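These are the residues of each chain, in order.
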Amino acid sequence: MVPSPLLLTLPDELLLQVVSFLEPTSVIQLHHTCSRLRSLTRSNFTLWRSFCINQAYIDSNPNNCPQWNRSEELDLVIDTWPHKEVDWYSEYRFRHAPLKMKWLSSLEDEVKGLTSISTGNTHRHLLISPLDDGAINIWSSTSTEPLSRSRPGILITPPPPASRKSRIIELGDTIVASSQLDRVYVAADSTLIELSLSTLQTISSTKFPFSISTLSSQVVLPHPLTVGTTLTLHLYDPRVGMSYGTPSAALPPLPFPENYGYHAPLFQPSPLAILHHPNNHLYIAGRFPSILCYDRAMWPKLQSTIHSGGNLCTLAADGMDGLLAGGTYSGRGSLESYYLSSTAKVRQRNRQSAAWGKILSVAKQGTRVVSCDSEGTVSWFERDCRYIVRRESIFDPDARADTGILWDGRPDDGSGPVRKVVVMDGGDDGLGVWLGDRVGVLSPGLEDEEELVMVEGREELMQSQMEERMRRMLREQADEVAILGSLAGLA
């Protein structure tokens with residue numbers, strides 16, 4: 001019998017004390033030597049939290065310049081970090097490991113929206129998107145093959161009256177799903193289409209007086225689904241199908257209070273984001289300078305407003321007392337954080353370093369705030385929305401388009417606006433990303449490939465991606481030069 005190494009005879013407390021003096025990359029290599037050391041170090045939140053703190057101080061002043069020392073300000077940020085509520089190993093991976101993009105949708109499909117759910121039984125994370133042919137597609141975050149797809153045309157609504165602009169289907173960020181209700185809700189023009197999540201068959205269609213511009217980000221019983229049209233807001237009971245203004249006598253009465261049947265008028269058009277906050281309030285953002293706050297008990301009366309001054313298009317909750325918002329201000333991206341109390345207070349309005357383009361989506365992931373913008377960048381910030389954790393430029397290497405130097409002076413590099421990011425429960429499964437017309441999952445590399453190169457391989461990965469993009473651009477330019485030469489020969 002081979003005797004155990006002397007190190008493994010130590011108790012867990014002493015082993016962790018020894019491991020804490022190693023660099024994170026050495027700890028990751030240690031995972032491949034022994035199953036006990038692997039399980040012990042990966043499950044210890046104190047160890048990886050300390051690694052995150054140490055690396056945060058290094059990143060805040062990489063050149064060790066006294067003029068740029070932000071340690072005192074960073075102390076305030078780190079003090080807000082939780083302890084046991086976060087998987088700190090996954091947190092470290094998302095902060096410092098190389099990230100890889102896995103595309104789920106094919107090049108033939110044009111994605112028109114994105115939402116995600118977590119199934120309660122299998123704990124799988126599913127991404128759901130409507131497509132340009134009027135179908136619904138469901139993907140698993142762990143597989144590139146679609147799990148299910150509805151028949152084409154299921155989301156196509158009848159054309160509107162001749163007095164209005166004809167639109168067969170209009171789908172932006174207007175899809176929401178609920179595994180609890182086994183339902184998917186999609187907005188198509190002025191119609192809310194309800195489908196079964198298990199069969200992807202249409203259950204009902206509800207007409208609204210104006211075109212639907214957005215839906216609330218989630219359906220959590222017993223709260224209703226909120227529908228935002230161009231000029232009105234409606235509380236829709238997902239358990240009772242109903243045509244607008246004419247309830248069916250065959251349906252049971254609304255289980256909600258009577259005031260939920262009324263609509264809230266908007267004095268300025270086009271809400272773009274609706275959030276059911278955990279504090280039981282309803283927040284609305286759009287093409288107006290303030291965030292609107294409603295109390296469902298007082299619906300449809302407007303309770304209060306939070307002045308922003310920007311053009312906001314996305315909202316997210318930050319715990320029970322925080323609100324995150326993103327959009328644009330004076331042509332630059334604006335990332336905003338508010339403290340919700342009896343009177344809302346501004347925590348931070350980052351309108352300098354948040355993004356060059358418009359911020360299209362914002363979410364909370366672990367201890368970080370993640371956002372995406374119209375320039376094709378996904379960015380992570382600390383909770384105060386000021387300090388940048390990391391940025392990743394997303395591009396599709398398989399993208400093909402009839403653009404280039406010959407046509408518009410810009411070769412297609414597969415980049416485009418990142419329209420939405422969704423955080424999948426657990427955090428370790430990555431981010432669902434909607435880039436241009438495709439959907440994918442952005443996550444740290446697979447453990448057998450990535451664990452050995454946690455930090456060092458990040459620069460090499462970025463360099464290899466840039467080299468591949470340059471090779472493609474040079475090939476396209478050479479093809480266009482050859483075309484021009486053949487045209488000159490014909491002349």
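Residues numbered from 1 in each chain as written. Predicted model: local features only at pLDDT ≥ 70, side-chain atom pairs only at ≥ 80, totals over all residues. Heavy atoms only, no water.

Quick look at the sheet that holds strand β11 (residues 225–229) now. Taken in spatial order, the four strands make up an open sheet running β10-β11-β12-β13, and their pairing is antiparallel. With partners counted over all chains shown, the strands left at the sheet margins are β10 (212–215) and β13 (263–265), one partner each. For this sheet, the mean inter-axis angle between neighbouring strands, taken without regard to orientation, is 20°. Where β11 and strand β12 (residues 232–236) come together, four bridges link them in antiparallel fashion. (Pairing = 2+ DSSP bridges. Helix = DSSP H or I, 4+ residues; strand = E, 2+ residues; numbered from the N terminus. Axes fitted to C-alpha atoms, helices over the stretch in contact; angles between N-to-C directions.)

Turning to the pairing of strand β9 (residues 202–207), a few remarks are in order. Regular strands have side chains that alternate between both faces of the sheet. Two strands pair when backbone bridges link them, and strand β8 (residues 191–196) and β9 are joined in this way by five bridges, in the antiparallel orientation. Its bridge partner lying in β9, E194 is registered against S204. Hairpin connection of β8 to β9: five residues between the antiparallel strands, including L200 at a positive phi of 55°.

This next bit is on the confidence of the model for the chain. For the chain, per-residue confidence averages 79 on the pLDDT scale, and residues scoring 70 or more make up 79% of the total. Long-range and interchain partners of residues 402–411, a stretch whose pLDDT sits below 50, account for 20 contacts in this model, where long-range means more than four residues apart. A low-confidence stretch, residues 447–457 (pLDDT under 50), is modelled with 32 contacts involving residues beyond four sequence positions or located in other chains. (pLDDT = per-residue confidence, 0-100. Contact = heavy atoms within 4.5 Å.)

Another aspect to go through is the side chain of R368. Mapped onto the secondary structure, R368 falls in strand β23 (residues 368–373). For R368, a relative accessible area of 2% translates into the label buried. Here the side chain of R368 touches E91 through a polar contact of 2.6 Å, side chain to side chain. Apart from the residues lying within four places of it in its own chain, the contact partners of R368 are E91, F94, R95, A363, W380, F381 and V389. (Buried < 20%, exposed > 50% of the residue type's maximum accessible area, 1.4 Å probe, protein only. Polar contact = N/O pair within 3.5 Å; in protein donor to acceptor, adjacent residues only side chain to side chain.)

Applying the stated criterion to the full structure yields eight aromatic pairs. Relative to W88, the ring of W81 has its centre 5.4 Å away and its plane inclined at 40°; by these criteria the two rings are tilted. Across the pair, W88 and W81 agree in class, each one buried. When the centroid spacing of 6.3 Å and the interplanar angle of 75° are considered together, the rings of Y185 and Y236 count as edge-to-face. Of the two residues, Y185 sits in strand β7 (residues 183–188) while Y236 sits in strand β12, which places them 51 residues apart along the sequence. Taken as a pair, Y185 and Y236 share a single burial class, namely buried. Aromatic rings pair up to connect W48, F51, Y89 and Y92 into one cluster. Above the plane of the ring of Y329 lies R351, whose end atom (NZ or CZ) is 4.0 Å from the centre. Above the ring of W380, the side-chain terminus of R390 is found at 6.0 Å from the ring centroid. (Phe/Tyr/Trp six-rings, centres within 6.5 Å; stacked < 30°, edge-to-face > 60°. Lys NZ or Arg CZ within 6 Å of the ring centre and 35° of its normal.)

Pairs can form between side chains of opposite charge whenever their charged atoms are close. In the structure shown here, the tally under the stated rule is 15 salt bridges. Note that R368 and E91 form a salt bridge whose closest N and O atoms lie 2.6 Å from each other. Of this pair, R368 sits in strand β23 while E91 sits in helix α6 (residues 88–96), placing them 277 residues apart in sequence. For R347, the salt bridge is made with D321, and the minimal N-O distance between the two is 3.8 Å. Placement of the pair is R347 in strand β21 (residues 345–350) and D321 in the loop between β18 (311–317) and β19 (322–329), with a sequence separation of 26 residues. (Salt bridge = Lys/Arg side-chain N within 4 Å of Asp/Glu carboxyl O.)

In this section: the environment of H263. Positionally, H263 belongs in strand β13. When the C-alpha atoms of H263 and P300 are compared, they prove to be 6.3 Å apart, with 37 residues separating the residues in sequence.

Another point: the pairing of β18. Judged by how many residues are buried, β18 sits mostly within the fold: five of seven residues are covered. In terms of strand pairing, β18 meets β19 through six bridges, oriented antiparallel. Looking across to β19, one finds that N311 is bridged to T328. Two successive antiparallel strands, β18 and β19, enclose a turn made up of four residues, where G319 displays a positive phi of approximately 75°.

Moving on, we get to α6. Summarising burial for α6: nine of the nine residues are buried, a large majority. Listed in full, the buried residues belonging to α6 are W88, Y89, S90, E91, Y92, R93, F94, R95 and H96.

On to the sheet that holds strand β15 (residues 281–286), then. Whenever strands of a sheet pair, they do so through backbone hydrogen bonds, lying parallel or antiparallel. Taken together, four strands build an open sheet; the order of strands is β14-β15-β16-β17 and the sheet is antiparallel. Among the strands making up the open sheet, the edge pair consists of β14 (271–276) and β17 (302–307). Across this sheet, the average inter-strand angle for adjacent strands is 25°, counted without regard to direction. Judged from the four bridges that link them, β15 and strand β16 (residues 290–295) form a sheet pairing that is antiparallel.

Summarising the element assignment, D437 is placed in the loop between β27 (431–435) and β28 (438–444). For the pair formed by D437 and G416, sequence separation is 21 residues and the distance between their alpha carbons is 9.1 Å.

Membership of the largest hydrophobic core comes to 24 residues, with the highest contact counts inside it found for V27, L47, W48, F51, W81 and W88. Where this core is concerned, the elements lending two or more residues are α1 (12–19), α2 (24–30), α3 (35–42), α4 (45–60), α5 (71–78) and α6. If one sorts the elements of this core by residue count, α4 sits on top with six residues. Those residues in contact with V27, other than ones at most four positions away along the chain, are V19, L22, T41, L47, W48 and F51. (Core = buried A, V, L, I, M, F, W, Y, C linked by side-chain atoms within 4.5 Å.)

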